Amino acid sequence: TKNILSRNFNNILKNEFNYDIYTLHEVYNKKGEIVGPTTFNISDESDGTRSLFAIASLILIVLEDGKVFVIDEMEQNIHPLLVNVLIKLFQNPRINKKNAQLICTTHNAHLLEDDIYRRDQVWFTEKDEKGETTLYSLADIEGVRNNIPLGKWYLSGRFGATPIVNDIKFIYGNDTQKKK
């Protein structure tokens, strides 16, 4: 997705697909009244708007075709509430009629708070001291009731899969007093 989400997104679409992408914005006068629309080239939009446009466009294609969408760090440059909406598209049987699937990584623990996942849909990765990664499902962790705050429990380390950053010793070692 790096090429799609880059500042050259519009150039890629124009060169490869013969498309120019523009967004439409309302223009207001000093009284706050709408006086008409204006267009922006997609390359003039924020990183978040470009990311949302690219990801949403791909998701709509995947949902229509019943494919699998794989994305690393889906929340990159996109507000968490908007990411939630995109994820919910896959959970809605009226929208996802062909059983398309989403596989994404995230560091956004807030996405665990909205009760849209089954336990077997949430997976964690954890590196050991050798740098080897273990993958395990939330469904395999005993004692996780339906009413627990998953995001809070995850961030507190109860599920593992969090970096070990206990205190300033992580950065400075045992010498936590910087000498001038």
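Up top you'll find the structure we're talking about.
This report concerns the structure included in the present document. (Residues numbered from 1 in each chain as written. Predicted model: local features only at pLDDT ≥ 70, side-chain atom pairs only at ≥ 80, totals over all residues. Heavy atoms only, no water.)

Considerations on the environment of Tyr-136
Step number 1: When you line up the elements, Tyr-136 lands in strand β6 (residues 133-137).
Step number 2: The exposure class of Tyr-136 is buried, given its relative accessible area of 18%.
Step number 3: Beyond its immediate stretch of four places on either side in the chain, Tyr-136 contacts Val-122, Trp-123, Phe-124, Glu-126, Ile-141, Phe-159, Gly-160 and Ala-161.
Step number 4: A polar side-chain atom of Tyr-136 sits 3.4 Å from the main-chain amide nitrogen of Ala-161. (Helix = DSSP H or I, 4+ residues; strand = E, 2+ residues; numbered from the N terminus. Buried < 20%, exposed > 50% of the residue type's maximum accessible area, 1.4 Å probe, protein only. Contact = heavy atoms within 4.5 Å. Polar contact = N/O pair within 3.5 Å; in protein donor to acceptor, adjacent residues only side chain to side chain.)

What to know about the nonpolar core
Step number 1: Counting residues in each nonpolar core, the largest one holds 30 residues, and the members touching the most others are Ile-55, Ile-59, Met-74, Phe-124 and Phe-159.
Step number 2: Those elements that provide at least two residues to this core are α3 (47-65), β3 (68-71), α4 (80-91) and α5 (150-155).
Step number 3: Top element by residues in this core is α4. It accounts for five residues.
Step number 4: Those residues within four positions of Ile-59 in sequence are excluded, and the remaining contacts are Phe-69, Met-74, Leu-86, Leu-89 and Phe-90. (Core = buried A, V, L, I, M, F, W, Y, C linked by side-chain atoms within 4.5 Å.)

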